[in-house]
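Notes for the structure review
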Amino acid sequence: MTENVLVTRGLSKRYGSHPAVAHADITLRKGEIYGLVGRNGAGKTTIIRMIAAQTLPSEGEVELFGVTGEKDLRQARSRMGAMVEIPSFYPYLTARENLEYYRRQRGVAGNHVVEDALQKVGLADTGKKKFKAFSLGMKQRLGLALALMNRPDLLLLDEPINGLDPEGIVDFRNLLLELNRQYQTTILISSHILSELQNLATSYGFIDKGQMLEQLSAAELAEKCRDCLELRVSDAPRAAALLERELGFRDFEVLPGGAIRLYEGLEAPEAVTRLLVEQGIALTGVEHRGGNLEDYFLNLIGGVHHG
């Protein structure tokens, strides 16, 4: 049986009367890359901060590597690395000097861990270059190196690719995949760049307004994001009823704004369009398309699914 690395039960955070996160239940198994999907302000950062003990939960429980309770959790968190925003590095120190400072401050044993972390993130050749002269991508890499310095079994990353250029995003993605495959590092990563999460994650959690809406595996998401025929019509509810009654279709979604996403009958779209037109429904657009993570999330927070 695969080991549970992280479990949250009813994890909640309130600021006054405002519920930032409400009863989040998350399970990460060893070797998983879990993509936390949500708009800005949805509660992603708050969840990560509670897991990392940077913010105390109002309710609920965190379990790490099978243990709960503050004493055991403090020990378990030594097996965890976290990158929430770019850490505060000293501008006039080099990459090595900054990491050596944090190594001593945090009591991480072994001088070699600094060099190992720099090698992993591709910063071993920066020499005497000061942090203030680093590009954003280099700063993100150094932040990741700091999170990796204790050789964590669990890595928490909050918007780590925010602000990176396309080349930097690809480099960062490849680095995370290598860590996951070579060291079986379990990763929880949040991002608003949903297309990039789709290149990384093995499972997903969708959050909106502090509420966890759905959790599913990458395989389940791929099934839900399969090819479809998107119809834009004048009367979506009536069109949906016709598709079900006259053509026997049940696998479709009714979206906001008068759109229907049809997942069957794609080989004969003319039968669909003919039926709707003959029944007096105006058809303003027909498009064959494949779904993606962004489409799915937007539909999840605003659409209605049938079938």
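Below, the structure is looked at part by part. Residue numbers here run from 1 along each chain, matching the order of that chain's written sequence. Where totals are concerned, whole chains, interfaces and linings use all residues; where local detail is concerned, this predicted model gives features only for residues with pLDDT of at least 70, and gives and counts side-chain atom pairs only at 80 or more. In computing side-chain values, all of the structure's heavy atoms are included and hydrogens and water are not.

It is worth spelling out the overall build of the protein at this point. Under the DSSP-based scheme used, a helix requires at least four consecutive residues in state H or I and a strand at least two consecutive residues in state E, with every element numbered from the N terminus. From N to C terminus, the protein includes 11 helices and 14 strands. The rule is simple: take the accessible area with a 1.4 Å probe, protein chains only, and divide by the maximum for that residue type; under 20% is buried, over 50% is exposed, in between is partly exposed. The buried share of the protein, reckoned over its 307 residues, is 48%. Of the contacts made within the protein by residues no fewer than 6 positions apart, 70% connect residues no fewer than 24 positions apart. Reported accessibility uses the Shrake-Rupley method at a 1.4 Å probe radius. Residues are deemed covered only where the shown protein chains occlude them. When the accessible surface of the protein is summed, it comes to about 14,800 Å², and 47% of that surface belongs to carbon and sulfur atoms. In this tally, Asp and Glu contribute negative charge and Lys and Arg positive charge; neither His nor the terminal groups of the chain are included. Charged groups are reduced to one reference atom each: NZ for lysine, CZ for arginine, CG for aspartic acid, CD for glutamic acid. Of the side chains in the protein, 36 bear a positive and 40 a negative charge, and the two mean positions are spaced by 9 Å. Throughout, a residue-residue contact means that at least one pair of heavy atoms, one from each residue, lies within 4.5 Å.

Of the pockets and cavities examined, the largest pocket occupies roughly 450 Å³. Counting only elements with at least two residues in the lining of the largest pocket, the list comes to β5 (80–84), α3 (95–106) and α5 (136–148). With 5 residues, β5 is the single largest residue contributor to the lining of the largest pocket. In the scheme used here, Gly and all other residues not listed as nonpolar or charged are polar, with Ala, Val, Leu, Ile, Met, Phe, Trp, Tyr, Cys and Pro taken as nonpolar and Asp, Glu, Lys and Arg as charged. For the lining of the largest pocket, the residue count by class is 12 nonpolar, 6 polar and 3 charged. Both site types are read off a 1 Å grid over the protein atoms alone. A 1.4 Å probe that fits but cannot get out defines a cavity, while an open set with protein on both sides within 12 Å along at least five of seven lines defines a pocket; lining residues have an atom within 4 Å of a point. Grid points are joined across faces, edges and corners, and a volume is the space filled by probe spheres set on the points.

In this scheme Phe, Tyr and Trp rings, the latter by its six-membered ring, pair at centre separations within 6.5 Å, and the angle between planes marks the pair as stacked below 30 degrees, edge-to-face above 60, and tilted otherwise. With the rule as written, the count across this model stands at 8 aromatic pairs. Ring plane angle 55 degrees and centroid distance 5.2 Å describe the contact between F89 and F131, whose orientation is recorded as tilted. Taken as a pair, F89 in the loop between β5 and α3 and F131 in the loop between α4 (112–121) and α5 lie far apart in primary sequence, 42 residues in all. Measuring from ring centre to ring centre gives 5.1 Å for Y90 and Y101, while their planes differ by 85 degrees; the resulting arrangement is edge-to-face. Taken together, the residues span a long stretch of sequence, with Y90 in the loop between β5 and α3 and Y101 in helix α3 at a distance of 11 residues. Since its relative accessible area comes to 39%, Y90 is described here as partly exposed. Its guanidinium or amino end placed over the ring of F65, R79 lies 3.8 Å from that ring's centre, counting from NZ or CZ. Two thresholds decide whether a charge sits over a ring: the Lys NZ or Arg CZ must be within 6 Å of the ring centre and within 35 degrees of the ring normal. The ring of F131 has K139 sitting right over it, with the charged end atom 5.4 Å from the ring centre.

One can find Q215 in strand β9 (residues 211–217). For the pair formed by Q215 and G35, sequence separation is 180 residues and the distance between their alpha carbons is 9.7 Å. If we skip the residues at most four places from it in the chain, Q215 touches D25, I26, T27, Y34, Y204 and G205. Side-chain polar atoms of Q215 contact the backbone oxygen of D25, separated by 2.5 Å. Side-chain polar atoms of Q215 contact the side chain of Y34, separated by 2.7 Å. The definition of a polar contact used here is a pair of N or O atoms within 3.5 Å, where within protein one atom must be able to donate a hydrogen and the other to accept one, and adjacent residues in sequence count solely through side-chain atom pairs.

The next thing to look at is the pattern of salt bridges. Two side chains bearing opposite charge may form a pair once their charged atoms approach each other closely. Should a side-chain nitrogen of Lys or Arg be within 4 Å of a carboxyl oxygen of Asp or Glu, the pair is scored as a salt bridge. Under the counting rule described, the total for this entry stands at 16 salt bridges. Of the charged contacts in the structure, one is a salt bridge between E61 and R9, with a shortest N-O distance of 2.8 Å. Of this pair, E61 sits in strand β4 (residues 59–64) while R9 sits in strand β1 (residues 4–15), and the two are 52 residues apart along the sequence. Residue classification places E61 among the partly exposed positions, given a relative accessible area of 33%. For the salt bridge of E63 with R9, the shortest nitrogen-to-oxygen distance reads 2.6 Å. Of this pair, E63 sits in strand β4 while R9 sits in strand β1; the two residues are 54 residues apart in sequence, bridging distant segments of the chain. Sharing partners across several salt bridges, the network here consists of R9, E61 and E63.

Function cannot be read off these values alone, since they describe shape.
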